[in-house]
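Listed here are the chains, written in short residue letters.
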Amino acid sequence: VILLPAPSPSPKVRGTHPDCSVVLHFQKKEAECLERIRSESQTPGQEGCPTQWDGVSCWPALPPGQSRAVACPDILHVFTKSKGLIQRNCTEWGWSPPSPPYHSACQLETLGSDNDTAATARHFVTMKVLYTCGYSTSLAALLLAIGIFSCFRKLHCTRNSIHVHFFTSFVLRGTAVFIKDGVLFSDESIDHCTMSTVTCKAAIAFFQYSVLANFCWLLVEGLFLQTLLLLTFTCDRSYTCGYTLLGWGVPMVTVGVWVLTRLQYDNHGCWDDYSSPYWWVIKAPILLAIFVNFLIFLNVTRMLAQKIRCPDLSKTHKQQYLRLTKSTLLLIPLLGVHYVVFALFPEHVGVHARLYFELVLGSYQGFLVALLYCFLNGEVQAEVRRNWGKWQRSMESNVFNLATQDFTA
């Protein structure tokens, strides 16, 4: 975190991604050097080598025959040696090349061969294709599942209403990913490190809201399951309003506070950095939802194990508990447990594994949610078959009536 002076009394904290900090550092140094060059150009008659920016350092003007040495740039995660010196001479033909070269004097970190760079690029392209396919598949399945729950009246109940909200949060999350990619990475000529438009900030804010809402509705699903078990399948509808406020209201308030905080204290870049301390406004509720849901998972597992082993439990209730076990306990670990592992580490630890789980595997979570809660739901299957048979009988009746009319005519 870099503290910069601000004209207002309140300090502005800048949290810059490590890769972008290098770009911003050299841009700042270049601007300072160019300003110095412009001021010296207004003084005619100077002999020797003029001030020059070589892409790394600013070399002040020198008379002919003299030399100057500068230290390595103080970017510790780029150069492993910051006390090395590079020398250049002012000759009658101009500035001599740096001696020794930057990569020798400053011990430049090895960036890898061209083959490594190409392999890395192919890896990220493949990952983007995978998560694009995943989110597209999930969106199609989720929209179909929402349509099924909305169209069939017999499926209208508190449980399925919560499922629809949960599906909607996945739809928003997938849509937000596509919007964010379209705004931030559609044009490769745009410098992402200095990009700071209202559009990109709005895309990031919508993305953060969608992610937080998704975690909140995951928490609602866990809370509702535990409520069903505690109340023995008699759930009061008064909980629905509270669930809605938790699923949609809490993320709205949290992201609103985050947006106002960034506007006031950290309004730089595109708000997509995770090194800013204000990222905790979003991260803290997500971590809370993850750990609470993990505790609910453990408690529900214990409760179901006790109820299924109970000898006094009727066969009907035991079947209901088994259905809950299959439809929900398979889902909660899939969506919650692995997040606990990553939540214990900083953002820069396990980046590749985190990207794989959150982008590739995470993109198919919506499809699995629709599969478990809708398409493999016995109640839904029975209702779809009943309406399908009803529609077939209606079509056969219409065809018979038309044939009869043609025959009698």
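Everything numeric here is computed off the predicted structure, so don't read it as measured data.

Another aspect to go through is the pairing of strand 6 (residues 85-91). Across the two faces of strand 6 the burial differs, with Ile86, Arg88 and Cys90 buried and Leu85, Gln87, Asn89 and Thr91 not buried at all. As paired strands, strand 6 and strand 7 (residues 94-95) are joined by two bridges and run antiparallel to one another. From the neighbouring strand, Cys90 faces strand 7, where its bridge partner is Trp95. Counted between consecutive antiparallel strands, the loop separating strand 6 from strand 7 contains two residues.

Let us now look at the sheet that holds strand 5 (residues 67-71). Adjacent strands of a sheet form backbone hydrogen bonds with each other and so pair up, either parallel or antiparallel. With antiparallel pairing, the three strands of this open sheet are ordered in space as 5-6-7. Whereas interior strands pair on both sides, the edge strands pair on one side only; in this sheet they are strand 5 and strand 7.

This part is about the UniProt feature "transmembrane region" (unreviewed entry) in the protein. Within this numbering scheme, the UniProt entry marks residues 129-152, 164-186, 206-231, 243-260, 280-300, 321-344 and 356-376 as carrying the feature "transmembrane region" (unreviewed entry). The distance separating the terminal C-alpha atoms of residues 243-260 is 26 Å; by composition the span is 100% helix and 0% strand.

Turning next to the packing of aromatic side chains. Given two aromatic rings, their pairing is described by the distance between the two centres and the angle made by the two planes. What the rule picks out here adds up to 10 aromatic pairs. A centroid spacing of 5.0 Å and a plane angle of 65 degrees characterise the contact between Phe166 and Phe170, whose relative ring orientation is edge-to-face. On the criterion of helical spacing, the pair formed by Phe166 and Phe170 is a turn pair, its members being four residues apart in helix 4 (residues 158-185). Per residue, the accessibility class of Phe166 equals that of Phe170, and both read buried. A network of ring pairs unites the aromatic residues Tyr131, Tyr135 and Phe178 as a single cluster. Here the basic side chain of Lys180 rests over the ring of Phe207, its NZ or CZ set 4.9 Å away from the ring centre.

Looking now at the state of the cysteines. A complete count under the given rule lists three disulfides for this structure. The disulfide partner of Cys200 is Cys270, and the S-S distance across this bridge is 2.1 Å. Pair noted here: Cys200 is in helix 5 (residues 198-230) and Cys270 is in the loop between helix 6 (238-265) and helix 7 (280-309), with a separation of 70 residues, a long-range link. Looking at Cys200, the relative accessible area reads 0%, which means it is buried. Judged by relative accessible area, Cys270 falls into the buried class, the value being 2%.

Before going further, it helps to examine unusual backbone geometry. In this structure, the amide linkage connecting Ser99 to the following residue, Pro100, adopts the cis form with an omega of -10 degrees. For Pro100, the position within the fold is in the loop between strand 7 and helix 2 (102-105).

Turning our eyes to something else, we now look at helix 5. Between its first and last C-alpha atoms helix 5 spans 47 Å; for 33 residues at 1.5 Å apiece the expected length is 48 Å, and the two agree. Of all 33 residues making up helix 5, 27 are buried, and the element is well covered by its neighbours.

What follows concerns the pattern of salt bridges. Applying the stated criterion across every chain, the model contains five salt bridges. A salt bridge links Glu35 to Arg38; its shortest N-O distance comes to 2.8 Å. Of this pair, Glu35 and Arg38 both sit in helix 1 (residues 18-41), three residues apart, which is roughly one turn of the helix. The exposure class of Glu35 is partly exposed, given its relative accessible area of 45%.

Okay, the nonpolar core next. If you look at the biggest cluster of nonpolar residues, it comprises 62 residues, and the most contacted ones within it are Phe149, Phe166, Phe167, Val255, Trp258, Ile286 and Cys374. Elements that contribute at least two residues to this core include exactly helix 3 (114-151), helix 4, helix 5, helix 6, helix 7 and helix 11 (365-375). Discounting residues that sit within four places of it in the chain, Cys374 has contacts with Ala145, Ile148, Phe149, Phe167, Val369 and Val380. Membership of the second largest hydrophobic core comes to 11 residues, among which are Cys49, Ile86, Trp95 and Ala105.

With that settled, consider the packing of helix 4 against helix 5. Helix 5 packs onto helix 4 with a crossing angle of 155 degrees between their chain directions and a minimal axis gap of 8 Å. Considered as vectors, helix 4 and helix 5 are oriented roughly antiparallel to each other. Helix-helix and strand crossings are classified by hand; for helix 4 and helix 5 the assignment is left-handed. In terms of residue class, the contact of helix 4 with helix 5 is built from 21 nonpolar, seven polar and four charged.

Within the secondary structure layout, Ala370 lies in helix 11. With residues near it in sequence (within four places) discarded, Ala370 still touches Ala141, Leu142, Ala145, Phe167 and Phe375.

Contact geometry for helix 4 and helix 11: axes closest at 10 Å, N-to-C directions at 165 degrees. On the basis of the axis angle, helix 4 is roughly antiparallel to helix 11. Viewed along their axes, helix 4 and helix 11 form a crossing whose handedness is left-handed. Within the contact between the two elements, helix 4 uses His163, Phe166, Phe167 and Phe170 and helix 11 uses Gln365, Gly366, Val369, Ala370, Tyr373 and Cys374. For the contact of helix 4 with helix 11, the residue count by class is seven nonpolar, three polar and no charged.

A few words on the confidence of the model for the protein. When pLDDT is averaged across the protein, the result is 77; 70% of the residues are at 70 or more. Strand 1 (residues 2-4) is the least confidently modelled element of the protein, averaging 33 in pLDDT, while helix 6 averages 91, the highest of any element. Scored below 50 in pLDDT, residues 1-16 shows 31 contacts in the model against residues more than four places distant or in partner chains.

Before going further, it helps to spend a moment on the side chain of Lys180. Of note, Lys180 is situated in helix 4. Nearest to the buried, unbridged Lys180 among oppositely charged side chains is Asp181, at 4.0 Å. Here Lys180 is in contact with Phe185, Ala203, Ile204 and Phe207, once residues within four sequence places are set aside.

Parameters and conventions
- Residues numbered from 1 in each chain as written.
- Predicted model: local features only at pLDDT ≥ 70, side-chain atom pairs only at ≥ 80, totals over all residues.
- Heavy atoms only, no water.
- Buried < 20%, exposed > 50% of the residue type's maximum accessible area, 1.4 Å probe, protein only.
- Helix = DSSP H or I, 4+ residues; strand = E, 2+ residues; numbered from the N terminus.
- Pairing = 2+ DSSP bridges.
- UniProt positions renumbered as here; feature names shortened; annotations may be inferred.
- Phe/Tyr/Trp six-rings, centres within 6.5 Å; stacked < 30°, edge-to-face > 60°.
- Lys NZ or Arg CZ within 6 Å of the ring centre and 35° of its normal.
- Disulfide = S-S within 2.5 Å.
- Expected span 1.5 Å × (residues − 1).
- Salt bridge = Lys/Arg side-chain N within 4 Å of Asp/Glu carboxyl O.
- Core = buried A, V, L, I, M, F, W, Y, C linked by side-chain atoms within 4.5 Å.
- Contact = heavy atoms within 4.5 Å.
- Axes fitted to C-alpha atoms, helices over the stretch in contact; angles between N-to-C directions.
- Parallel < 35°, antiparallel > 145°, perpendicular 65-115°, else oblique.
- Left-handed = near helix turned anticlockwise from the far one by under 90°.
- Nonpolar A, V, L, I, M, F, W, Y, C, P; charged D, E, K, R; others polar.
- pLDDT = per-residue confidence, 0-100.
- Lys, Arg positive; Asp, Glu negative; His and termini not counted.

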